[in-house]
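Fold and geometry: a report
Chain by chain, the residues:
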Amino acid sequence: MNPLALIPLASAFTIVAVTTFVVGRGLHRGLARDFVLLSSCVSLWAVTDCLLWAPVSAEIASVLVRAQLPLYCGVGYLFLRFCYAYAHKEQDFWSRISAFFAGLAIAVGMTTDL
């Protein structure tokens, strides 16, 4: 195993620990729910990145890259959503445009070889 793979793995464990703390405090507020969505996405991204650093075949790497695509395309929208919840701001035009382009990037990435 590549020792550099421990960096995303350590970050994933740290994010999971913070997320567990937030879940323990309760998900009754929108800010906590948005944080859990964002941190879950980032931690899964780190875990799949760690798996990509491992010596795997080209077929498995291709599947892992496809599995990772919704995570890193969606993290921008989820961060914007978290910022809106933190600022007590309703979703507006820019938030919906961000969601549309994140969905479009995921659809293009999953259905083509780009």
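This write-up is about the structure you can find in this document. Residues take numbers from 1 onward in each chain, read along the sequence in its written order. Totals for whole chains, interfaces and linings use every residue, but because this is a predicted model, local features are given only for residues with pLDDT of at least 70 and side-chain atom pairs only at 80 or more, for both listing and counting. As a convention, hydrogens and water are excluded, and side-chain values are obtained from all of the structure's heavy atoms.

A look at the nonpolar core
Counting 6 residues, the largest nonpolar core is built from Leu-38, Cys-41, Leu-71, Val-75, Leu-78 and Phe-82. Helical segments are the DSSP runs of H or I of at least four residues, strand segments are the runs of E of at least two, and each set is numbered from the N terminus. A total of 4 residues in this core trace back to one element, the largest contributor, which is helix H3 (residues 58-86). Only heavy atoms enter the contact rule, under which two residues are in contact if any of them lie within 4.5 Å. Discounting residues that sit within four places of it in the chain, Leu-71 has contacts with Cys-41, Leu-44, Trp-45 and Thr-48. Buried Ala, Val, Leu, Ile, Met, Phe, Trp, Tyr and Cys residues that are joined via side-chain atoms within 4.5 Å together make up what is termed a nonpolar core. For every residue, the accessible area obtained with a 1.4 Å probe (protein chains only) is divided by the maximum for its type, and the residue is called buried under 20%, exposed over 50%, and partly exposed between those limits.

As for unusual backbone geometry
Most peptide bonds adopt trans geometry, and most residues besides glycine take a negative phi value. Of note in this structure, His-88 is not a glycine but carries a positive phi near 55 degrees. As for its placement among the helices and strands, His-88 is situated in the loop between H3 and helix H4 (93-111). Judged by its relative accessible area of 72%, His-88 falls in the exposed class.

Overview of the packing of helix H1 (residues 6-25) against helix H2 (residues 30-53)
Axis separation between H1 and H2 bottoms out at 8 Å; the angle between their running directions is 160 degrees. With respect to H2, the element H1 is oriented roughly antiparallel. When you trace H1 past H2, the crossing you get is left-handed. Side by side, H1 and H2 meet where Pro-8, Leu-9, Ser-11, Ala-12, Ile-15, Val-16, Val-18, Thr-19, Val-22 and Val-23 of the first sit next to Ala-32, Phe-35, Val-36, Ser-39, Val-42, Ser-43, Ala-46, Val-47, Asp-49 and Cys-50 of the second. Split into classes, the residues belonging to the contact of H1 with H2 amount to 15 nonpolar, 4 polar and 1 charged. Convention adopted: a line fitted to C-alpha atoms gives each axis, helices being fitted over their contacting stretch, and angles between N-to-C directions are expressed from 0 to 180 degrees. Roughly parallel here means an angle under 35 degrees, roughly antiparallel means over 145, roughly perpendicular means 65 to 115, and every remaining angle is called oblique. A crossing counts as left-handed when the near helix is turned anticlockwise from the far one by less than a right angle, and as right-handed when that turn is clockwise. Ten residues, namely Ala, Val, Leu, Ile, Met, Phe, Trp, Tyr, Cys and Pro, are considered nonpolar, four, namely Asp, Glu, Lys and Arg, are considered charged, and the remaining ones, Gly among them, are considered polar.

A closer look at the side chain of Thr-19
As for its placement among the helices and strands, Thr-19 is situated in helix H1. Not counting residues up to four positions away in its chain, the partners in contact with Thr-19 are Phe-35, Val-36 and Ser-39.

Focus: the packing of H3 against H4
Orientation of H3 relative to H4, taken along the N-to-C sense of each, is 175 degrees, at an axis distance of 9 Å. The pairing of H3 with H4 is recorded here as roughly antiparallel in orientation. Counting all contacts with H3, which are made through Arg-66, Leu-69, Pro-70, Cys-73, Gly-74, Tyr-77, Leu-80 and Tyr-84, the residues of H4 involved are Trp-94, Ser-95, Ser-98, Ala-99, Ala-102, Ala-105, Ile-106, Gly-109, Met-110 and Thr-111. Per-class residue counts for the contact of H3 with H4 are 12 nonpolar, 5 polar and 1 charged.

Side note on the environment of Arg-33
Along the chain, Arg-33 falls in helix H2. Taking relative accessible area as the criterion, Arg-33 reaches 43% and is therefore assigned partly exposed. Sequence spacing of Arg-33 and Ala-85 is 52 residues, and the spatial spacing of their C-alpha atoms is 9.4 Å. With residues near it in sequence (within four places) discarded, Arg-33 still touches Leu-27 and His-28.

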